[in-house]
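# What the coordinates show
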Amino acid sequence: MADFYNQLGVSRDADADTLKRAYRRLARQYHPDINKETGAEERFKEISRAYEVLGDPEKRARYDQFGEAGLGGSAGMPDMGDMGGFADIFETFFGGAAGAGSRKQRRGPQQGDDLRYDLTIDFNQAVFGEEKEIKIPHLETCDGCRGSGAKPGSGPTNCSTCGGAGQVRRATRTPFGSFTQVSDCPSCGGAGQMISDPCPKCGGQGVKQVRKKLRINIPPGVDTGTRLRVSGEGNAGDRGGPSGDLYVFLKVKSHPRLKREGLNIHSEVNVSYLQAILGDIIEVDTVDGPTRLEIPSGTQPSEVLILDNKGIPKLGNPVARGNHCIAVKIKIPSRLSEEEKTLLEKLASHYSAKGPQNHHHKSGLFNRLFNMKDT
Ligand SMILES: [Zn+2]
Ligand SMILES: [Zn+2]
């Protein structure tokens with residue numbers, strides 16, 4: 001195995017300045033941008049690696065004691081006695097769980113988990129809002145022990161394993177020294193307290209699973225993806241900690257005839273060619289129920305008629321509503337009765353004889369047909 005000191009061409013007792021100067025000189029000499037000789041790049045990497053170690057006092061100390069094996073670090077190495085602590089090796093060994101000071105504080109009551117509940121509602125319920133009853137399974141604080149888990153009259157006692165600290169220290173010996181590993185106490189799980197006399201209602205858990213009926217107030221204007229927060233209806237916290245929240249995720253069923261686009265509702269209506277030509281008043285389906293819609297005379301195929309304020313209420317401001325947009329589909333009859341045919345033929349001959357521009361003498365049906373410009 002190559003020796004880092006040899007690679008940098010310095011003695012084992014070289015000081016930091018000597019190391020740095022040696023590294024800079026060699027790095028300039030072998031830098032791949034400057035030196036195109038074969039092996040130069042390899043050499044440059046060796047020099048860099050050597051200086052990376054020797055330039056760092058801690059790494060250098062480890063290298064001096066253990067050679068390159070002291071740098072990578074692996075947990076299963078033979079015990080070589082107490083060599084003093086190296087925090088960064090410790091972290092490599094134990095996944096960064098080293099300094100006790102950096103540990104998340106786990107003692108004391110903790111807030112309970114938030115819960116999610118998926119709720120499907122009808123199109124119209126989403127439009128106008130609704131109060132809905134749901135049943136949710138969640139954890140509630142045990143009323144027998146008020147969350148402590150201890151039988152009423154008794155109380156939790158300090159954990160005998162950790163003496164109430166919630167954490168245990170374990171000395172671990174490695175080739176680089178013996179370290180103190182701090183972890184959650186296995187007996188009390190970090191709580192620092194034990195229940196010697198558990199509450200019979202909850203078995204010492206402090207919480208119990210309950211199916212709770214809740215009335216959810218769905219505001220007008222919600223849509224698929226709207227999330228309602230019900231404060232404090234999540235799981236109860238540990239050891240009497242505050243409850244989490246319940247989030248109700250809404251899914252809105254589609255409507256067979258009405259389509260929602262933002263705050264507007266879209267639908268189609270079929271009218272006869274006569275209704276389109278002559279105009280009519282019909283009833284259409286809206287979220288407010290059957291509503292009168294005026295088909296103006298001369299309505300064109302696919303023309304969109306608007307019913308103001310019959311759309312979706314704005315979430316949070318239900319007074320503001322979108323519109324209901326109705327696309328008119330005009331049916332052309334594929335079969336005509338004899339009477340209808342006679343009338344239409346009469347109309348057609350009349351139309352071609354007089355022409356649409358010369359329509360001042362029309363009467364009856366023709367008048368209504370061609371009087372659009374006159375009125
Ligand atoms: Zn209990
Ligand atoms: Zn303990």
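Residues numbered from 1 in each chain as written. Chains lettered and ligands numbered in written order. Predicted model: local features only at pLDDT ≥ 70, side-chain atom pairs only at ≥ 80, totals over all residues.

### A closer look at the overall build of the protein chain
Within the protein chain, the regular secondary structure consists of 10 helices and 17 strands. Sequence-distant contacts, at least 24 apart, represent 62% of the contacts inside the protein chain between residues at least 6 apart. (Helix = DSSP H or I, 4+ residues; strand = E, 2+ residues; numbered from the N terminus. Contact = placed C-beta atoms within 7 Å.)

### Concerning the pairing of strand 4 (residues 167–174)
By the bridge criterion, 8 bridges tie strand 4 to strand 5 (residues 177–184) in an arrangement that is antiparallel. In the strand pairing of strand 5, Thr172 is matched with Phe179. A loop of 2 residues connects strand 4 with strand 5, the two strands running antiparallel in sequence. (Pairing = 2+ DSSP bridges.)

### Topic: the sheet that holds strand 8 (residues 227–230)
Judged by pairing direction, the sheet is mixed, and its 3 strands sit side by side in the order 1-9-8 without closing on themselves. For this open sheet the edge positions go to strand 1 (115–121) and strand 8, each flanked by a neighbour on one side alone. Each neighbouring strand pair of the sheet contributes to a mean axis angle of 25 degrees, computed without reference to strand direction. Sheet analysis places strand 1 next to strand 9 (residues 246–252), joined by 7 bridges and oriented parallel. Within the sheet, the bridge partner assigned to Tyr117 lies in strand 9 and is Val248. (Axes fitted to C-alpha atoms, helices over the stretch in contact; angles between N-to-C directions.)

### Examining the confidence of the model for the protein chain
Mean pLDDT over the protein chain stands at 82; residues scoring 70 or higher make up 84%. Counting interchain partners and residues more than four positions distant, the pLDDT-below-50 stretch residues 358–363 has 4 contacts. The model gives residues 371–375 a pLDDT under 50, and that stretch makes 2 contacts with residues more than four places away or in other chains. (pLDDT = per-residue confidence, 0-100.)

### Comments concerning helix 2 (residues 16–30)
Since the α-helix turns once every 3.6 residues, residues separated by three or four places project in the same direction. An ideal rise of 1.5 Å per residue puts 21 Å on 15 residues; helix 2 measures up with 21 Å between its terminal C-alpha atoms. Along helix 2, the positions that sit buried rather than exposed are Ala22, Tyr23, Leu26 and Tyr30. For helix 2, the buried positions fall inside an angular range of 100 degrees around the axis, keeping them on one side. Of the exposed residues in helix 2, those oriented more than 90 degrees away from the buried face are Asp17, Arg24 and Arg28. The elements touched by buried residues of helix 2 are helix 1 (4–8) and helix 3 (40–54). (Expected span 1.5 Å × (residues − 1). Buried ≥ 20, exposed ≤ 12 C-beta atoms within 10 Å, placed from the backbone. Arc of directions from axis to C-beta.)

### With respect to the packing of helix 2 against helix 3
Where helix 2 meets helix 3, the axes come as close as 9 Å, and the angle between the chain directions of the two elements is 160 degrees. Relative to helix 3, the element helix 2 lies roughly antiparallel. Crossing handedness for the pair helix 2 and helix 3: left-handed. Contact residues: Leu19, Tyr23, Leu26, Ala27 and Tyr30 in helix 2; Ala40, Arg43, Phe44, Ile47, Tyr51 and Leu54 in helix 3. Residues belonging to the contact of helix 2 with helix 3 are distributed by class as follows: 10 nonpolar, no polar and 1 charged. (Parallel < 35°, antiparallel > 145°, perpendicular 65-115°, else oblique. Left-handed = near helix turned anticlockwise from the far one by under 90°. Nonpolar A, V, L, I, M, F, W, Y, C, P; charged D, E, K, R; others polar.)

### Regarding the sheet that holds strand 14 (residues 304–307)
Ordered in space as 10-11-17-14, the 4 strands form an open sheet in which the pairing is mixed. Two strands bound the open sheet, and with one partner strand each, they are strand 10 (259–261) and strand 14. Sheet twist, expressed as the average angle between the axes of neighbouring strands with direction ignored, equals 35 degrees. Bridge count between strand 14 and strand 17 (residues 324–331): 4 bridges; the pairing is antiparallel.

### Side note on the nonpolar core
The biggest cluster of nonpolar side chains holds 15 residues, and the ones touching the most others in it are Cys142, Cys145, Cys159, Cys188, Cys199, Cys202 and Val207. Sequence-distant contacts of Cys159, defined by excluding residues within four places in its chain, comprise Gly164, Cys185, Ser187, Cys188, Gly192, Gln193 and Met194. (Core = buried A, V, L, I, M, F, W, Y, C linked by C-beta atoms within 7 Å.)

### Some details on the environment of Gly203
Its location among the elements puts Gly203 in the loop between strand 6 (193–194) and strand 7 (207–218). Its 12 C-beta neighbours within 10 Å are what place Gly203 among the exposed residues. Gly203 sits 52 residues away from Lys151 along the chain, and the two C-alpha atoms are 9.0 Å apart.

### Description of unusual backbone geometry
Only a minority of non-glycine residues have a phi that is not negative, and only a minority of peptide bonds are not trans. The phi dihedral of Arg146 falls on the positive side, at around 55 degrees, and the residue is not glycine. Mapped onto the secondary structure, Arg146 falls in the loop between strand 2 (130–141) and strand 3 (157–158). We note that Ser302 has phi near 70 degrees; this positive angle belongs to a residue other than glycine. One can find Ser302 in the loop between strand 13 (289–295) and strand 14.

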